Amino acid sequence: MSLYQRGTVWWVKFTSPGGEFIRRSTGTEDKEQAQEYHDRLKADLWRKYRLGEKPRRTWQEAVVRWVGSTDHKADHEKDLGKLKWLDRFLGTKWLDEIDADLIAKIAQVKKAAASPSTANRYLALIRAILRAARDDWEWVERVPRVKMFPESKKRIRWITRDEAAKLIAELPSHLADMARFTLATGLRQRNVSYLRWDQVDTSRCVAWIHADQSKSRKAIAVPLNNDALAVLEARRGDGGEYVFTFQGKPVDRTSTKAWAAAKKRAGIDDFRWHDLRHTWASWHVQSGTGLQELQELGDWSTVDRVLRYAHLAADHLLYAAKRIEGTNLGTALQKPVGLRLVVNR
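The shown structure was predicted, so the numbers you read here are calculated from the model rather than taken from an experiment.

**Things to note about the sheet that holds strand β5 (residues 206-209)**
Spatially, 3 strands are ordered β4-β5-β6 in an open sheet, and the strand pairing comes out antiparallel. Single-partner strands in this sheet number two, and they are β4 (200-201) and β6 (220-223). As paired elements, β5 and β6 share 4 bridges and run antiparallel to each other. When the bridges of β6 are listed, Val 206 appears paired with Pro 223.

This is the structure:
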């Protein structure tokens with residue numbers, strides 16, 4: 001039977017004229033539409049085999065190839081989640097059916113449920129797959145332009161040392177230890193969550209993140225200061241393979257109800273777990289760490305990512321500003337500057 005149901009959705013199954021076994025979802029619960037999809041697919045495959053025409057390719061075929069060629073990406077799992085959401089719009093489409101109008105519809109639906117920046121991540125994935133289909137695989141001659149939403153540049157969110165102390169005091173012990181370690185090392189949440197004891201050498205004051213665990217896909221050496229070493233020393237008694245555990249398992253999720261409740265009790269708003277990393281970087285810059293050093297410490301691939309913190313390190317510009325003190329203002333700056341009240345009469 002070349003047309004059959006799995007659950008409520010119709011699927012096709014047959015052997016193409018070239019001997020290729022075909023089995024795929026039609027993406028519809030309507031039998032008439034499924035039959036039309038089946039007939040059209042068989043006709044396209046026949047033309048490919050008999051006439052040598054370039055076959056029409058589906059979005060599903062493109063997704064399968066994309067997933068197989070990008071499984072090395074650090075955010076591969078996130079891509080899979082995005083593709084699952086996109087399937088409702090694109091799962092039954094041929095690549096040449098995906099046009100600017102359809103992409104604009106997807107963009108508006110996602111923007112209504114999330115932020116423009118989140119919608120842009122989905123649009124960027126669509127764009128990457130379509131461009132690969134055109135430029136790398138030569139499946140299509142042209143692809144639509146994917147227009148992104150403008151994103152506002154947000155300030156870097158960080159907290160002071162006093163605020164950090166208040167927050168840590170309110171956290172449960174396993175999250176408190178992870179927060180302390182993050183503020184001491186700047187590691188990303190996943191690298192802290194899955195840090196193993198065999199990745200730590202306290203005698204040399206260093207830990208390391210393997211290449212397949214880092215976002216840059218490069219191995220990272222993590223220098224451990226006294227604050228980080230103190231956290232590790234406190235965790236040693238728990239035993240097990242991983243450094244940070246809760247009920248014997250790695251702490252995969254940190255943005256929990258306990259995290260939200262602790263922030264509320266500490267009086268800290270608009271602060272994500274990842275902002276601990278921003279806080280670590282901000283403290284470094286304010287303490288005199290150079291941007292090149294910070295880039296290496298934080299495993300940023302480009303200096304552009306580090307320049308976000310440059311405005312926090314204005315001390316070195318003070319000497320330049322002082323070069324023109326009193327140049328043409330006479331003794332005006334010798335007097336204290338105060339407010340002058342002007343009354344309109």
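**Some points on the side chain of Arg 24**
Note on placement: Arg 24 falls in strand β3 (residues 21-25). According to the relative accessible area criterion, Arg 24 is buried, its value standing at 13%. Reaching out from Arg 24, the side chain makes a polar contact with the side chain of Glu 61 at a distance of 3.5 Å. Filtering out sequence-adjacent residues up to four positions away, Arg 24 remains in contact with Trp 11, Val 12, Tyr 37, Leu 41, Thr 58, Gln 60 and Glu 61.

**A few points about helix α7 (residues 173-185)**
Spanning 13 residues, α7 covers 18 Å between terminal C-alpha atoms, matching the ideal 18 Å at 1.5 Å per step. The element α7 is largely enclosed, with a buried count of 11 among its 13 residues. Among all positions of α7, only His 174, Leu 175, Ala 176, Asp 177, Met 178, Ala 179, Phe 181, Thr 182, Leu 183, Ala 184 and Thr 185 are buried. Phi turns positive, to about 75 degrees, at Gly 186, one or two residues after α7.

**Structural notes on the nonpolar core**
Core analysis: the largest hydrophobic core is formed by 37 residues, its most contacted members being Leu 167, Leu 171, Phe 181, Leu 224 and Phe 244. Contributing elements (two or more residues each) for this core: α6 (161-170), α7, β5, β6, α9 (226-235), α10 (257-266) and α11 (275-286). Among the elements that make up this core, the one with the highest residue count is α7 (7 residues). Excluding residues that lie within four positions of it along the chain, Leu 224 makes contacts with Phe 181, Thr 185, Val 200, Cys 205, Val 206, Ala 207, Leu 229 and Leu 232. Of all hydrophobic cores here, the second largest spans 29 residues; its members include Tyr 122, Ile 129, Trp 137 and Phe 149.

**A look at the confidence of the model for the chain**
Across the chain, the average pLDDT comes to 86, with 89% of residues at or above 70. Counting interchain partners and residues more than four positions distant, the pLDDT-below-50 stretch residues 339-345 has 0 contacts.

**Focus on a negative patch on the surface**
Residues Asp 30, Glu 32, Glu 36 and Asp 39 make up a contiguous surface patch of negative charge. Its place among the elements puts Glu 32 in helix α1 (residues 31-51). What makes Glu 32 exposed here is its relative accessible area of 67%.

**Some thoughts on α9**
Residue pairs three or four apart in sequence face the same way in an α-helix, which turns once every 3.6 residues. Taken together, the buried positions of α9 are occupied by Ala 228, Leu 229, Val 231, Leu 232 and Arg 235. Each buried residue of α9 sits inside an arc of 160 degrees when the element is viewed along its axis, so together they form one side. Across from the buried face of α9, at angles greater than 90 degrees, the exposed residues are Asn 226, Asp 227, Glu 233 and Ala 234. Here α9 starts with a cap whose side-chain oxygen sits 3.2 Å from the backbone nitrogen of Asp 227, and that cap is Asn 225.

Conventions used here
Within each chain, residue numbers correspond to sequence positions counted from 1 in written order. Local features in a predicted model are, by the rule used here, given only for residues with pLDDT of at least 70; side-chain atom pairs are given and counted only at 80 or more, and totals for whole chains, interfaces and linings are based on all residues. No hydrogens and no water enter the side-chain calculation; it runs on all heavy atoms of the structure. Strand pairing is assigned whenever DSSP detects at least two bridges linking the two strands. Note on conventions: DSSP H or I runs of at least 4 residues are helices, E runs of at least 2 residues are strands, and numbering of each starts at the N terminus. When a residue's accessible area, from a 1.4 Å probe over protein chains only, is under 20% of the maximum for its type it is buried; when over 50% it is exposed; and in between it is partly exposed. Polar contacts, as counted here, are pairs of nitrogen or oxygen atoms within 3.5 Å of one another; within protein the pair requires one atom able to donate a hydrogen and one able to accept it, and residues that are adjacent in sequence qualify only if both atoms are side-chain atoms. Contacts were defined at the residue level, with two residues in contact if any of their heavy atoms lie within 4.5 Å. The span one expects for a helix is its residue count, reduced by one, times 1.5 Å. Remark: nonpolar core denotes a set of buried residues (Ala, Val, Leu, Ile, Met, Phe, Trp, Tyr, Cys) joined through side-chain atoms within 4.5 Å. Confidence scores labelled pLDDT are given residue by residue by the predictor and lie between 0 and 100. Exposure above 30% relative accessible area and the lack of any salt bridge qualify a residue for a patch; like charges then connect within 9 Å, and the nonpolar side chains Val, Leu, Ile, Met, Phe, Trp and Tyr within 5 Å. Shrake-Rupley sampling with a 1.4 Å probe provides the accessible areas, and residues are treated as covered by the protein chains on show and by no other component. Basic side-chain nitrogens of Lys or Arg form a salt bridge, by our definition, when they fall within 4 Å of a carboxyl oxygen of Asp or Glu. Asp and Glu count as negative and Lys and Arg as positive, but His and the ends of the chain are not part of the count. Lys charges are placed at NZ, Arg charges at CZ, Asp charges at CG and Glu charges at CD. Note: the arc covers the axis-to-C-beta directions of the helix.

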